[in-house]
Every structure is written in structure tokens, then in C-alpha cells.
Amino acid sequence: MMTKRPYQLPKPITVDPATLTDSDGKLKIDTVAVEKFIRLHEASFRRYEYLENLYLGFHNVFKLPEKEEWKPDNRLAVNFPRYMTDTFSGYGYGIPIKVSHPDEMVDEAVQSFCRNNEVTDHDAEMIKRCCIYGHAYEYIYQDEEAHTKVTALTPKDLLIVYDDTMCQRALFAIRYGRHHTADTSNGKTFGEILTREEIRPFDDQKIDEARPNPYGYIPVVEWRLNDERLGLFENAAGLIEVYNRTIGEKANDVDSFAEAYLAIMGAPIDADGVRRIRDDRLINIYGTDNAKDVLVQFLQKPSADGTQENLLNRLENLIYQTSMIANISDDTFG
């Protein structure tokens, strides 16, 4: 069974800004446009969920068709993605990022902002999400006491719409969710449209009154792991899936050897002693009266242990090479 990428890589959502601006040059976004952009964005969810499941250890090996009851069917998943993410994050950002400013008043404001937002933990969460999804969003907002706060969002929580020029300038962002109900398949959308001038809450088919944007910028910062927005372990996903299937089959072979068939050839066995050859793992072939011709032995299939070990070693090396992550558990590391 070949491993194929279960999705297409997403492209940025772009639009001709002239189609969304009025005669005064102000963005005019209605619920029809919002739903259109959300639908385009949700087309990438299959990819995000696949990468998320890889990180959490829910790999495709667990979704393979089940084998017959009498066959060993071990499902093993080595969670390379989590190991690689934690290794990369620890080596690259194990020492917290330090921010300072030569002006004492500005520096105090910066440090106060960092303390109020627990920026060290926030940065670690942003880096982890970038490793998983290839990018993540930092959302900036004002709390009830008018303090500036930041929080980490996954790419499933927010989308950015760019203009279709060479610059691909960000026009606005949409942070949204869905009210899931029993009578609708997708649920009604709710959230807010974030522009440079204002923030417009919406709920289903209604856009509420806008409130001023205090920042003068779209209050979203995109963190990218790379320009292509590829996840840290995404290029190695196929290798990881093959590794899981191979190590599972190796465990199946161990079970098969432990439950080898007993072959009795040359002497009959009473039918009551054997219910089913498959269940009892016993084969009886007879047709001779000569005791010298009676043979009793266990049947074992040829061992592929050497081939399997070579494949597993090759796959493991390629997983780390293609993702460009050091295998710190390797004997030659360092």
C-alpha cells in the first residue's frame, strides 16, 4: 500500500481589492463575501487536521483495514513528529527570546507587556504551532481593563485575505468559529472582521456595528516556519507512515513465530482433536503405515528480520535527514 499525500498544499486567499471597496476606497465586506472566504479557508482543514493528528500520535496506520481474526494485526506508531517538534523547539528556543529597548520608559513598558502576557510561554506555544502547521497567528486584543493582550491561534481559527497584486498586501483578517447544531451540517458562523480601521463582529447572516481598531494595523501577526508554510515534519510524513507499517508488520512476524503451526505427517490425528487447522495451528498429512515416515515438526516461514531492520534504519535516517532535525538519541550525535 503506497502512502500518498492526502491533501493539496494551500494557497494564500487573494482577491481583487476593487471588488471589495466602495467609491471612497473603503473596504465593504458583506456576509456573502465572509462565507465565501471561510469556505475557501476550510478547504485547508484536511491538511491541518492530518498534521495535528501526526503530532498527537493518531497516525494513519490505525485507519488501515482490519485483518482476519486469525492473523496478527499489530498497529504501532512511533511518534517522530512530537519528538522532532520538541527537539527543534528545545534547541532553537530553549533559551527564551529577550526583548529590550535603550529608552528606560519604553523598556519598562515592554517588560510590563511581556509579564502581563507571559510572553515566554506564549512564544513557546507559537513555535510549537508553527512546527505543526507550518504557520500560526498571534492575535492582539484589548481586555476588559484596556490592557493589550496576545494569544496564540492555530491556522484553523483565523484567515487573512490578501490583494492579488505582486505585493500580496494583507487587506483584512477574519477570526471565526461555528455554532454546531443537530440540524445543520456545518453550523452557523460567528466571529469578527479585522481591518486596519475597525473591527466588525458578525453572527451568521448579520454584521453588527463596527468598533474602532485602536492599533491602526490589522491586529494579527503571522508566524511562519518557512515561506512555503510547510510543517516541520510534513516532508517526512510519508516516511513516518511507512515506518509505522513496517514496525507493525515486524511485530506481526514475532506473533506468527510464537504461534507456529505443528505439522504431523505420516500419522492420522483423530478429528475430534482438531477443530480448525487455522485456529489450532495444526496440519495433519498421513497415508503411510511405516513409523519411520512419521514426521512431527513446527512450520516456520522464512525470516525477513534483516530486511526489515535495514528498511527501518534507512527510514529513520531519511526521516531526520529530510526534516533536517538532529536525532539526539543517535550514538553518533555530537
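Refer to the structure printed above.
A. Layout of the overall build of the protein chain. The secondary structure content of the protein chain amounts to eight helices and 13 strands. Across the 334 residues of the protein chain, 35% fall into the buried class. By sequence separation, contacts in the protein chain at least 24 residues apart represent 61% of the contacts at least 6 residues apart. Summed over all atoms, the accessible surface of the protein chain reaches about 20,700 Å², with 53% contributed by carbon and sulfur.

B. Looking closely at the packing of aromatic side chains. Tallied over the entire structure, the rule returns seven aromatic pairs. Centre to centre, the rings of Tyr 48 and Tyr 133 are 5.8 Å apart; their planes meet at 80 degrees, and the pair counts as edge-to-face. Of this pair, Tyr 48 sits in helix α2 (residues 45-56) while Tyr 133 sits in helix α5 (residues 119-133), placing them 85 residues apart in sequence. Each of the two residues, Tyr 48 as well as Tyr 133, counts as buried. A network of ring pairs unites the aromatic residues Phe 80, Tyr 83, Tyr 243 and Tyr 320 as a single cluster.

C. Main features of unusual backbone geometry. A positive phi angle, near 45 degrees, is found at Glu 118, a position not held by glycine. Position of Glu 118 relative to the elements: it lies in the loop between α4 (104-117) and α5. Taking the relative accessible area as the measure of exposure, Glu 118 reaches 53% and is therefore exposed.

D. Highlighting helix α1 (residues 31-42). End to end, α1 covers 16 Å across 12 residues, agreeing with the expected 16 Å (1.5 Å per residue, within 8%). Here α1 has its buried residues at Thr 31, Ala 33, Val 34, Phe 37, Ile 38 and His 41. Down the axis of α1, the buried set is contained in an arc of 160 degrees. They therefore lie on one face.

E. Quick peek at the state of the cysteines. As enumerated under the stated definition, the model contains zero disulfides in all. The closest cysteine sulfur to the non-disulfide-bonded Cys 130 is located on Cys 131, 7.1 Å from its own sulfur.

About the cut-offs
- Residues numbered from 1 in each chain as written.
- Predicted model: local features only at pLDDT ≥ 70, side-chain atom pairs only at ≥ 80, totals over all residues.
- Heavy atoms only, no water.
- Helix = DSSP H or I, 4+ residues; strand = E, 2+ residues; numbered from the N terminus.
- Buried < 20%, exposed > 50% of the residue type's maximum accessible area, 1.4 Å probe, protein only.
- Contact = heavy atoms within 4.5 Å.
- Areas by Shrake-Rupley, 256 points an atom, 1.4 Å probe, with all protein chains shown as cover.
- Phe/Tyr/Trp six-rings, centres within 6.5 Å; stacked < 30°, edge-to-face > 60°.
- Expected span 1.5 Å × (residues − 1).
- Arc of directions from axis to C-beta.
- Disulfide = S-S within 2.5 Å.

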